[in-house]
Amino acid sequence: MNNVLHFLLLFCLQRFNGERSLSAVFHLLSGKKSAQTLQDSKWFRLERVFGICKDVSMYEIEQAARELLKQRWIAPHGERSYILTDAGRRELEQQLPSAHFLQHMNGFLYHSTETLFWYRLSLVVQTISNLVHQRSFEPIHRHEATFIWVKRYLLSQKRPIAELAKALYEELYALCSSLSEEKATIVTLRLTSFERIGWTNEQLAVFFQTDPLYVQFMFHDALHYIMERAEREATSFPILHELVKDLVSPLSLTKSAHKTYEWLRKGKTIEEVARIRGLKRSTIEDHVVEIAANVPEFSIEPLIDAETIEKVVAATKRLGTKQLKKIREAVGEHVSYFEIRLVLAKEGENSAS
Amino acid sequence: MHLEQLLEKTFGYRSFRLGQKEIVEDVIKGRDVLAMLPTGGGKSLCYQLPGYVLRGSVLIVSPLVSLMEDQVQQLRTRGEKRVIALNSFLANDVRQAALADLRRFRFIYASPEILQSPKWFAALKKAGVSLFVVDEAHCISQWGHDFRPDFLKLGDIRKKLGTPPCLALTATAPPEVIDDIVATLGLTNVRRHIYPVDRPNIAIKVECVMSVEEKIERLIHYVKTLQGPGVIYVSSRQWAEVLARKLQAEGIDKTAYYHGGMDAEQRMLVQQQFLRDQLQLVCCTNAFGMGVNKGNIRYVIHFHMPGQMEAYVQEIGRAGRDGKNSIAILLYTHGDEDMVQSLIETELPTKEQIQLFIEHMAFSHTAESSAAQLLPSMLGLSETQWRMLSYIFEKERSSLRGLEHMQANMLQMIEERREWKRNKLNEMRAWLFRSLCRREQIVSYFHQRLSEKPVACCDVCGLTLENYRKQLQSDDEAAWTFHSWREELKRMFFKAGKLDEKAD
């Protein structure tokens, strides 16, 4: 893979299919927690890349787009959006198999907790490694909340340090063994031990003769994998499960949408919530759409009749678009934009295929 | 107990370094003290030791979060548990407990911003501050090289805390800046402890070359021949990366770059690697250095000149903190000052930015409103520019003389700032080209006198590089030797002899 960002942009543009601008790609990759971006990631099945490139700038995205244009892999499509050319599609097909970092990556689920998890894991490993080898050390990061967490965790352990070390070793060994050699190496070398301060992405990139961004993605992919298994398999990975269990929240809603959700669950209507919270109806509608996209058990049936749902789903499939305007033209003026958005949010995955 | 005994008991040192004892004595007596100690002179001990004598907490105001964290870490490593850094990232339960009772902390570190918070302020007032320490106090002065408007409010905060005795610390401040510090903090009957800025164990060399290419060649030569560890200062993030890669390509490994654009974890890794001698060389912007407590830095090379003498002295002062012979080399080529000049220009807001800023502020009325949070990026203002404009705005708005007047005043103040920076740069330039002893020039810049010249002084007095040549390689090979990840994991968690017990 020559340039990871180019690949990623190509990947997103293919999914967006000309229906979103470059700024949507930017918000998606940088992980903007707005209702629109969260929905986009659902509708266009881009959840896994949500927030995986937090430091990327709009400028870098624009530059990457210029490069893709120059290669004739994308072509302008309307205002500030692009679609893939045939050559672009072929390029993407060709590169996809080597995009190993898309294997377990789940930005949508983990983008807000991966850092905390890594802080915990790296500090636990550093502490145990130094204790085992009887060395004093300086913590590898300066995250106060993590210090306290790790201290409490280690103090709560009844077993001798050598046993704890062995148990953690076995958990990490098992998980790394089911990763590729490259990913297992990246995770291991990023860790700080009694004898080595962890390597930076840049240093790992030199070691692997690759791009630092590629290393970063591989690292996140491996981290998401570890988090997922640790979360699910408490009995196989008791230590790692302890590290992850309070971090993974099932709902990733914006704060304000979360409040709205709580009112709706108490049985309030959209109008009522708007009045209670002193917000515009349209704002509450945005929240409802966000909730529909993110909360599986949230049913949209009370808000919209089954027939309309079916009509919208059918039109979406027939037209092969997610542009609200085109869908509304097809289903008729009596269906509101809000209703269409609601259906798309809820049916995101189903209607996309 | 005698101070010396206390020193040995709490810090494990046998004796004080230059100036420390006198400063500590005055602080314990409850005097207002201004202390200027050279970089690496052990400033933090001047308030940490009194912390074990005085009743009540010592409050330390510091400009940089990272600097605070480093010092908190150092105290904790020494075994001091009663220390806290107030910041907005504290975990909820820790914050609640601290707010309820700050008194149980011997040392409280805080940024000037957090002192603006009524809650924290009330907690501090309740706790009773026995000593009010201002670290890097030159940030107070508009004419200090990293002016921080928030520092100006410290005089007021101190008064509201009941005017506890104050200790203002700085490493590099010319007399006019010192006067500014005394006035702003409202220090009365102040004891001034000004110690020589000169660091006799650092030799100084300036080398003029014909082109940037030649400069790179010289740099490679020095890095290959001088005894490390070393630091290379450049003027931009891009240069830091370019040079680090160039040196690596030359076969100089154990080299990394460091700048403010990297994420916090990567920065920390580089800093720690350097501290542990896992790295021999760091190419960096001026973001690197503060809080890096490394004794054995043997050379500092300036690939680009800094914009003023204060910065230069502070940066070369990172070398030789262990007291051993070290060298500072500045590489100059024609036109370097233009680059610094254009950096100065980009640091200052443009006329259009000022105009837009005022228009927006006129509507939102206060710099703290939520809409204003987006303003810096909307107007393309850097953090420094934003701070500067907000400061002037707050100061000017009380005059109530209309927007046009304010704009004219702002422009004038920015213009003055530009002029002042130009002068600073000219002084730096003059230092480069004057054929006088470099050390004497530095010392007289700070209105001091040189008591004694070291044998290895500077290129003007005559200097041989023989003593700085590479001899032993102290670096850490283990850190760069990679086995397989399986082997690595084992080494991490098991003691060497016990490896065999664990068979998979």
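Trainee: Go over the overall build of chain A, please, and point to the residues and values.
Mentor: Within chain A, the secondary structure is distributed over 19 helices and two strands. Here the C-alpha coordinates of chain A stretch approximately 75 × 55 × 30 Å along the principal axes. For chain A, the residues scored as buried account for 56% of the 353 residues in total. Looking at chain A alone, contacts between residues at least 24 apart form 65% of all its contacts between residues at least 6 apart. Total accessible area on chain A is roughly 15,700 Å²; 50% of this is exposed by carbon and sulfur atoms. In chain A, 46 positive and 44 negative side-chain charges are present, and the distance between their average locations comes to 3 Å.

Trainee: Could you give an account of the overall build of chain B, with specific residues and numbers?
Mentor: When you go through chain B residue by residue, the secondary structure sums to 19 helices and 13 strands. Its C-alpha atoms give chain B a radius of gyration of 24 Å, near enough to 23 Å, the size a compact globule of 504 residues would have. Judged by the C-alpha coordinates and their principal axes, chain B covers about 65 × 60 × 55 Å. A total of 504 residues make up chain B; the buried ones form 54% of that total. For chain B, the proportion of contacts with a sequence separation of at least 24, taken over those separated by at least 6, is 75%. Looking at chain B as shown, the accessible area adds up to about 22,500 Å², and 51% of this sits on carbon and sulfur atoms.

Trainee: Summarise the nonpolar core; cite the residues concerned and give the values.
Mentor: Core analysis: the largest hydrophobic core is formed by 126 residues, its most contacted members being B:L59, B:L102, B:I232, B:F357 and B:W431. Here this core takes eight residues from helix α17 (residues 403-433) of chain B, the largest share from any one element. Other than its neighbours up to four places away in sequence, B:W431 contacts B:I204, B:V206, B:M309, B:Y312, B:L330, B:R438, B:Q441 and B:I442. Grouped together as the second largest cluster of nonpolar side chains are 123 residues, A:A64, A:Y82, A:A99 and A:W118 included.

Trainee: Help me get a handle on the interface of chain B and chain A, residues and values and all.
Mentor: Contact with chain B, which involves 41 residues of that partner, is made by 47 residues of chain A. Taking both sides of the interface into account, the surface hidden between chain B and chain A amounts to around 4,300 Å²; carbon and sulfur atoms contribute 56%. Interface area lost by chain B to chain A is led by B:W485, B:M492 and B:F493, which between them contribute 19%. The interface formed by chain B and chain A holds six salt bridges in total. The closest approach of N and O atoms between A:E181 and B:R486, which form a salt bridge, is 3.1 Å. Linking chain B with chain A are 21 residue pairs in polar contact (both at pLDDT 80 or more), by the criterion used here. Broken down by secondary-structure element, the contributors of at least two residues to the side of chain B that touches chain A are α4 (65-77), α5 (92-100), β10 (255-258), α11 (264-275) and α19 (485-493) of chain B.

Trainee: Describe in detail the pairing of strand β6 (residues 166-170) of chain B, supporting the description with residues and values.
Mentor: All names here are of chain B. Most of β6 sits out of view: five of its five residues are buried. Residues C166, A168 and T170 of β6 are buried on one face, and the alternating residues L167 and L169, pointing to the opposite face, are buried as well. Taken together, the four bridges between strand β1 (residues 33-36) and β6 define a ladder with parallel strand orientation. Looking at β6, one finds that A35 is bridged to L169. Across three bridges, the pairing between strand β5 (residues 129-134) and β6 is parallel. Counted as the bridge partner of V133 is L167 from β6.

Trainee: An account of the sheet that holds β6(B) is requested, with residue identities and associated values reported.
Mentor: Residue and element names in this part refer to chain B. Pairing in this open sheet of seven strands is parallel, and the strands run β3-β4-β2-β5-β6-β1-β7 from one edge to the other. Only two strands of the sheet have a single partner each, and these edge strands are β3 (83-86) and β7 (191-194). Averaged over neighbouring strand pairs, the angle between their axes works out to 15° when direction is ignored. Sheet analysis places β3 next to strand β4 (residues 107-110), joined by four bridges and oriented parallel. Within β4, the position partnered with I84 by the bridge is I108. Sheet contacts for α4: β3 and β4; angle to β4, the most-contacted strand, approximately 165°.

Trainee: Go over unusual backbone geometry with me, naming the residues and quoting the values.
Mentor: Residue B:P229 follows B:G228 across a cis peptide bond; omega there is -5°. Relative to the elements of secondary structure, B:P229 occurs in the loop between α9 (212-225) and β9 (230-233). A positive phi angle is found at A:R72, which is not glycine, with a value near 60°. Mapped onto the fold, A:R72 is located in the loop between α4 (58-70) and β1 (74-76). In the Ramachandran plot, B:T163 falls in the positive-phi region, its phi being about 45° despite a non-glycine side chain.

Trainee: Explain the environment of B:Y47 to me, using residue names and the numbers behind them.
Mentor: All names here are of chain B. Within the element layout of this structure, Y47 appears in helix α3 (residues 45-48). Assessed through its relative accessible area of 0%, Y47 is described here as buried. Distance in space between the C-alpha atoms of Y47 and E213 is 47 Å, their sequence separation being 166 residues. When near neighbours in sequence (up to four residues on either side) are disregarded, Y47 contacts V58, I60, Q71, F107, Y109, L131, V133, L167 and L169. Polar side-chain contacts of Y47 include one of 3.0 Å to the side chain of Y109.

Trainee: Which residues make up the domain arrangement of chain B, and what values do they have?
Mentor: Here the domain parsing of chain B yields domain 1 (3-195), domain 2 (202-340 + 426-491) and domain 3 (349-422). Spacing between the C-alpha centres of domain 1 of chain B and domain 3 of chain B amounts to 31 Å.

Trainee: Which residues make up the packing of aromatic side chains, and what values do they have?
Mentor: A complete count under the given rule lists 28 aromatic pairs over all chains for this structure. Considering the side-chain rings of A:F207 and B:F482, the 5.2 Å spacing of their centres and the 80° angle between planes classify their relative orientation as edge-to-face. Of this pair, A:F207 sits in helix α11 (residues 201-208) while B:F482 is found in the loop between α18 (438-445) and α19, placing the two residues in two different chains. What makes A:F207 partly exposed here is its relative accessible area of 36%.

Quick notes on the rules
Residues numbered from 1 in each chain as written. Chains lettered and ligands numbered in written order. Predicted model: local features only at pLDDT ≥ 70, side-chain atom pairs only at ≥ 80, totals over all residues. Heavy atoms only, no water. Helix = DSSP H or I, 4+ residues; strand = E, 2+ residues; numbered from the N terminus. Buried < 20%, exposed > 50% of the residue type's maximum accessible area, 1.4 Å probe, protein only. Contact = heavy atoms within 4.5 Å. Areas by Shrake-Rupley, 256 points an atom, 1.4 Å probe, with all protein chains shown as cover. Lys, Arg positive; Asp, Glu negative; His and termini not counted. Charge placed at Lys NZ, Arg CZ, Asp CG, Glu CD. Rg over C-alpha atoms; globule rule 2.2 N^0.38 Å. Core = buried A, V, L, I, M, F, W, Y, C linked by side-chain atoms within 4.5 Å. Buried area = accessible area lost by both parts, 1.4 Å probe. Salt bridge = Lys/Arg side-chain N within 4 Å of Asp/Glu carboxyl O. Polar contact = N/O pair within 3.5 Å; in protein donor to acceptor, adjacent residues only side chain to side chain. Pairing = 2+ DSSP bridges. Axes fitted to C-alpha atoms, helices over the stretch in contact; angles between N-to-C directions. Domains from an automatic or database assignment. Phe/Tyr/Trp six-rings, centres within 6.5 Å; stacked < 30°, edge-to-face > 60°.

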